[in-house]
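Chain by chain, the residues:
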Amino acid sequence: METILVTGGAGFIGSNFIRFVLSNFKEYQVINLDFLTYAGNLSNLKDVETDKKYKFIFGDISDKKIFERLPKNIDYIINFAAESHVDRSIQEAGIFLKTNVLGTLNLLEHARSISIKKFIQVSTDEVYGSLDETGKFSETTNLSPNNPYSASKASADLFVNSYHKTHEVPANITRCSNNYGPYQFPEKLIPLTIMRALNDQEIPVYGDGTNIRDWIHVEDHARGIMTVLQKGKIGEIYNIGGGNEIQNINLVKSILSQLNKPFDLISFVEDRKGHDKRYAIDFRKIHEKLSWSPKIDFKKGLENTVQWYKNNIDWIRNIQDGSYLKIREQFFKG
Ligand code: NAD
Ligand code: TYD
């Protein structure tokens, strides 16, 4: 049995990743190290918490002392832990530097001190900046982050690369496009739109709504990361994308139509500062070298996602009334 240390496993992608691993692979056990920030929610993992191959450890990756409490026999480290919301980074960037950069550095130091098979940094296409109408991001596109979130993720990527080159930490970096699916914190566009539409509240669309994102279902992302874990060549960067480019306004309209809600809920609001116009991922490398490609059809995936939020209103209510944060207080009390 091999051991995967997942950081940030109580968040959106991390929790879906853990569920994916435990239900599809017998040969791995998972340790989830998470600080349960506002974005961390252990109820995302309710169905696996009694699984003997799963263990939760409460801790902050930007605090070096946490690593003394971790078991030494770790085979893989996958770093999902991050501050992940662009709008928050525009308000207050310091915590992005602390968690995303210092936290990654601490993990790399820990990886050096124990001998691991692979370190995977879960990065983002946002490190490449913004595209005009044409072209796509490839792994050789220059890093050109435009907001504090993407700047912190790009910095972390540079540290990962430097620890691979200097200290021979066996690492891969994955850079994925916008994810959607169950358990996404309702500050991000898709769950925010669903939640507000269900409550007949206005949907804020930034600027003129023509910004484009390239969406991928979170399960396809999870499978991409496992593909890199098992087959990725040490030292390489792999882009992961869904091949589903859509303007924000059309995405919002499509969700409203599905929920039978009127388009006049849409409210065009002031644009995000430094708003990246378009993201699009060229994922030929992971497809050609590692035989991965996205499987989930966007229309079907979006329909199922909207249905999931409708079926899990309590999950959203617990976030809205703050009751999901109570569990964190228990960990602080010890
Ligand atoms: P999220 O905000 O939903 O979850 C982040 C998790 O990290 C939470 O569980 C939180 O408690 C934990 N965390 C935060 N600070 C921590 C700390 N100091 N120590 C330990 N745990 C901490 O984020 P997400 O959307 O699941 O994204 C996960 C990763 O994937 C991030 O690194 C993000 O940059 C990357 N990514 C996200 C997307 C996307 O569309 N959401 C796309 C590409 C890459
Ligand atoms: P978001 O889900 O925050 O992801 P990211 O900024 O990482 O791409 O936003 C997706 C797109 O939707 C982005 O172009 C900003 C836009 N957006 C809105 O128009 N309104 C909103 O309320 C939010 C949260 C995002």
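The coordinates are above.
Just so you know, these numbers come straight off a predicted model, no measurement behind them.

**A few points about the site of ligand 1**
Close to ligand 1 lie 28 residues, the nearest being Ile-13, Asp-34, Ser-84, Tyr-149 and Lys-153. One nitrogen or oxygen atom from the side chain of Ser-84 is found 2.6 Å from an oxygen atom belonging to ligand 1. Contributions of two or more residues to the shell around ligand 1 are made by helix 1 (12-24), strand 5 (118-124) and helix 4 (148-167). Looking at the shell around ligand 1, the element that brings in the most residues is strand 5, giving three residues. Grouping the amino acids of the shell around ligand 1 by side-chain chemistry returns 13 nonpolar, twelve polar and three charged.

**A closer look at the packing of helix 3 (residues 94-113) against helix 4**
For the pair helix 3 and helix 4, interaxial distance at closest approach is 8 Å and the crossing angle is 15°. One way to sum up the angle between helix 3 and helix 4 is to call them roughly parallel. Viewed along their axes, helix 3 and helix 4 form a crossing whose handedness is right-handed. Residues Phe-96, Asn-100, Val-101, Thr-104, Leu-105, Leu-108, Glu-109 and Arg-112 of helix 3 lie in contact with helix 4, whose contacting residues are Tyr-149, Ser-152, Lys-153, Ser-155, Ala-156, Phe-159, Val-160, Tyr-163 and His-167. In terms of residue class, the contact of helix 3 with helix 4 is built from nine nonpolar, five polar and three charged.

**Some words on the packing of aromatic side chains**
Summed over the entire model, instances satisfying the criterion amount to 19 aromatic pairs. With a centroid separation of 5.8 Å and an interplanar angle of 65°, the aromatic rings of Phe-25 and Tyr-28 are classed as edge-to-face. Classification of Tyr-28 as buried rests on a relative accessible area of 3%. Taking the centre distance of 5.3 Å and the plane angle of 65° together, the rings of Phe-56 and Phe-331 count as edge-to-face. Here Phe-56 is found in strand 3 (residues 54-58), whereas its partner Phe-331 is found in helix 11 (residues 326-333), with 275 residues between them in sequence. Taken together, the ring pairs in this structure connect Phe-20, Phe-25, Tyr-28 and Tyr-76 into an aromatic cluster. Across from the ring centre of Tyr-38, 3.4 Å away, lies the NZ or CZ of Arg-88, which sits over that ring. Taking NZ or CZ as reference, Lys-285 lies 5.0 Å from the ring centre of Tyr-238, over its face.

**Quick word on the pairing of strand 4 (residues 76-79)**
Burial of strand 4 is two-sided: the residues Tyr-76 and Ile-78 facing one way and the residues Ile-77 and Asn-79 facing the other way are all buried. With four bridges joining them, strand 1 (residues 2-7) and strand 4 adopt parallel strand pairing. Within the sheet, the bridge partner assigned to Thr-7 lies in strand 4 and is Asn-79. Of the strand pairs in this sheet, strand 4 and strand 5 are connected by four bridges, and their pairing is parallel. Paired with Asn-79 across the two strands is Gln-121, which belongs to strand 5.

So, how was this worked out
- Residues numbered from 1 in each chain as written.
- Chains lettered and ligands numbered in written order.
- Predicted model: local features only at pLDDT ≥ 70, side-chain atom pairs only at ≥ 80, totals over all residues.
- Heavy atoms only, no water.
- Near = heavy atom within 4 Å.
- Polar contact = N/O pair within 3.5 Å; in protein donor to acceptor, adjacent residues only side chain to side chain.
- Helix = DSSP H or I, 4+ residues; strand = E, 2+ residues; numbered from the N terminus.
- Nonpolar A, V, L, I, M, F, W, Y, C, P; charged D, E, K, R; others polar.
- Axes fitted to C-alpha atoms, helices over the stretch in contact; angles between N-to-C directions.
- Parallel < 35°, antiparallel > 145°, perpendicular 65-115°, else oblique.
- Left-handed = near helix turned anticlockwise from the far one by under 90°.
- Contact = heavy atoms within 4.5 Å.
- Phe/Tyr/Trp six-rings, centres within 6.5 Å; stacked < 30°, edge-to-face > 60°.
- Buried < 20%, exposed > 50% of the residue type's maximum accessible area, 1.4 Å probe, protein only.
- Lys NZ or Arg CZ within 6 Å of the ring centre and 35° of its normal.
- Pairing = 2+ DSSP bridges.

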